[in-house]
Amino acid sequence: MSIRGLVFDLDGTLVDSLDDITFHLNHALALAGLPPRDKAWARRNVGQGVAHLVRQALDVAAGRDREEAVLGVFVARYEAHPCDRTFPYPGVREALAACHARGLVLAVLSNKPAGITVKVIEALGMAPLFRYVWGGDSFPERKPSPLPLRHFLAEAGLAPSEALMVGDSAADIQSARGAGVRSAFFPGGYGRLDGDAPAPDFILPSMSELIPLLERLERG
C-alpha cells in the first residue's frame, strides 16, 4: 500500500540544530556558574527532551531547584532565539514541498518542547507544509512510546501501513515499530542505532532519496 502520511523527527532529521542547542545550553550553564559542554557532548545527549539534556549536563549532586532554574533559562533562551544557527539539511525543503504537492499528510514529531518545535518550523518558513507539529510535551508519553504515532494515525485517518516515520534515532524507529508504522532511518543526523534497537525498514542516505523511496513503494 502506498504511503499517504509521513511523520518527521526534527533535530538531526529535518534540521541541523546542534549549534543552537549547544549555545543555548551553555548560556544557561554559564549563568548558573557551571562549565560549558561541547558539541560532541550535545550530540551524544540530544533526542530525549530538554529536561534530560539539562539533567545530563549538571553535576549529579545538583539539586532539583538548580536543575529547574537551568532548564527554565535554557528553554526561555531557546524560545527567544529558535533559529540563529539552525538550518535544514540539503534536500529537505524540496522533499517536503514534493510531498505536500502530492497531497500527503505531513507531521513533525520532536521530543523537544512543542513551543520551540513550532518556532523552529515557523522561522524556517516550513510551517505551511505541515498539518501537525508536535513536541515532547504534546502527549502524555514521548518517543520511543508509540502513543504519538497512534495519535497521528487517528487524526489523519490512516492505517499503519499508510504511514512512514522518518528519523535519525533509535527512539524514532522504536516508536514506529510499536505503532505498526514503517520507518526510514536518516544516518546523517545525531542518533545511532545500537544493537538493541529494532532495524528500520529503510535507510534514507539523504532527503533527496525520499521521493524515489515513496515512488518505489507505490509501485509495490
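Bear in mind that the values here come from a model prediction, so they are computed numbers and not experimental data. (Residues numbered from 1 in each chain as written. Predicted model: local features only at pLDDT ≥ 70, side-chain atom pairs only at ≥ 80, totals over all residues. Heavy atoms only, no water.)

Engineer: Residues and numbers for the environment of Gly 12, please.
Structural biologist: You can see Gly 12 is positioned in the loop between β1 (5-8) and β2 (15-16). Taking the C-alpha atoms as reference points, Gly 12 and Ser 110, separated by 98 residues in sequence, lie 10 Å from one another. Setting aside chain neighbours within four positions, we find Gly 12 in contact with Tyr 89, Asp 168, Phe 186, Gly 189 and Tyr 190. (Helix = DSSP H or I, 4+ residues; strand = E, 2+ residues; numbered from the N terminus. Contact = heavy atoms within 4.5 Å.)

Engineer: I'd like a description of the nonpolar core, backed by residues and values.
Structural biologist: By size, the foremost hydrophobic cluster in this structure holds 52 residues, and its most contacted members are Leu 6 and Phe 130. Setting aside chain neighbours within four positions, we find Leu 6 in contact with Cys 99, Leu 104, Val 105, Leu 106, Ala 107, Phe 152, Leu 164, Val 166, Leu 210 and Leu 214. Judged by nonpolar contacts, the second largest core, of 17 residues, contains Tyr 132, Phe 139, Leu 149 and Met 165. (Core = buried A, V, L, I, M, F, W, Y, C linked by side-chain atoms within 4.5 Å. Buried < 20%, exposed > 50% of the residue type's maximum accessible area, 1.4 Å probe, protein only.)

Engineer: Got a sec to walk through the packing of aromatic side chains? Specific residues and values, please.
Structural biologist: The tally for this structure, following the rule as stated, stands at seven aromatic pairs. Pairing Phe 8 with Phe 130 gives two aromatic rings, centres 6.4 Å apart and planes at 80°, and the pair type is edge-to-face. Of this pair, Phe 8 sits in strand β1 while Phe 130 sits in the loop between α6 (114-123) and β5 (132-134), placing them 122 residues apart in sequence. In this structure Phe 8 comes out as buried when scored by relative accessible area, which is 0%. Measuring from centroid to centroid gives 6.4 Å for Trp 134 and Phe 152, while their planes differ by 80°, and the two rings are edge-to-face. Of this pair, Trp 134 sits in strand β5 while Phe 152 sits in helix α7 (residues 147-156), placing them 18 residues apart in sequence. Residue Trp 134 is classed as buried on the basis of its relative accessible area, which comes to 12%. Members of the aromatic cluster, joined through ring pairs, are Tyr 132, Trp 134, Phe 139 and Phe 152. (Phe/Tyr/Trp six-rings, centres within 6.5 Å; stacked < 30°, edge-to-face > 60°.)

Engineer: Summarise the pattern of salt bridges; cite the residues concerned and give the values.
Structural biologist: With the rule as written, the count across this model stands at 10 salt bridges. For the salt bridge of Asp 20 with Arg 85, the shortest nitrogen-to-oxygen distance reads 3.2 Å. Of this pair, Asp 20 sits in helix α1 (residues 18-31) while Arg 85 is found in the loop between α4 (64-80) and β3 (87-88), placing the two residues 65 residues apart along the sequence. We classify Arg 85 as partly exposed; its relative accessible area is 26%. In this structure, Glu 67 engages Arg 55 in a salt bridge whose closest nitrogen and oxygen atoms are separated by 3.2 Å. (Salt bridge = Lys/Arg side-chain N within 4 Å of Asp/Glu carboxyl O.)

Engineer: Before we move on, could you go through helix α9 (residues 210-219) and cite the residues and values that matter?
Structural biologist: Burial in α9 covers these residues: Leu 210, Ile 211, Leu 213, Leu 214 and Leu 217. Each buried residue of α9 lies within a common arc of 155° when the element is viewed along its axis, so the set occupies one face. Contact partners of the buried residues in α9: β1, α5 (92-101), β6 (163-167), β7 (182-185) and β8 (202-203). One or two positions beyond α9, positive phi appears at Gly 220, with a value near 75°. (Arc of directions from axis to C-beta.)

Engineer: Now, about the packing of α1 against helix α3 (residues 50-57): what can you tell me, with residues and values included?
Structural biologist: It is the contact of α1 with α3, at a shortest axis distance of 11 Å, that shows an interaxial angle of 55°. Relative to α3, α1 is oriented oblique. Considering the relative orientation of α1 and α3, their crossing is right-handed. The segment α1 lies against α3, with Ile 21, Leu 25 and Leu 29 engaging Leu 53, Val 54 and Ala 57. The class makeup of the residues in the contact of α1 with α3 is six nonpolar, no polar and no charged. (Axes fitted to C-alpha atoms, helices over the stretch in contact; angles between N-to-C directions. Parallel < 35°, antiparallel > 145°, perpendicular 65-115°, else oblique. Left-handed = near helix turned anticlockwise from the far one by under 90°. Nonpolar A, V, L, I, M, F, W, Y, C, P; charged D, E, K, R; others polar.)

Engineer: For the layout of surface pockets, give the residues involved together with the corresponding values.
Structural biologist: Approximately 550 Å³ is the volume attributed to the largest pocket. Along the walls of the largest pocket sit 29 residues, with Asn 45, Val 46, Gly 47, Gln 48 and Ser 169 positioned nearest its centre. Considering only residue class, the lining of the largest pocket consists of 10 nonpolar, nine polar and 10 charged. (1 Å grid on protein atoms, 1.4 Å probe; cavity = no way out; pocket = protein on both sides within 12 Å on 5 of 7 lines; lining within 4 Å. Points joined across faces, edges and corners; volume = space filled by probe spheres on them.)

Engineer: Which residues make up the packing of α7 against helix α8 (residues 170-179), and what are the values?
Structural biologist: Where α7 meets α8, the closest approach of the two axes is 8 Å, and the angle between their N-to-C directions is 55°. Taken together, the axes of α7 and α8 lie oblique to each other. As α7 runs across α8, the sense of the crossing is right-handed. Contacts between α7 and α8 involve Leu 149, Arg 150 and Leu 153 on the former and, on the latter, Ser 175, Ala 176, Gly 178 and Ala 179. Its residues assigned to classes, the contact of α7 with α8 shows four nonpolar, two polar and one charged.

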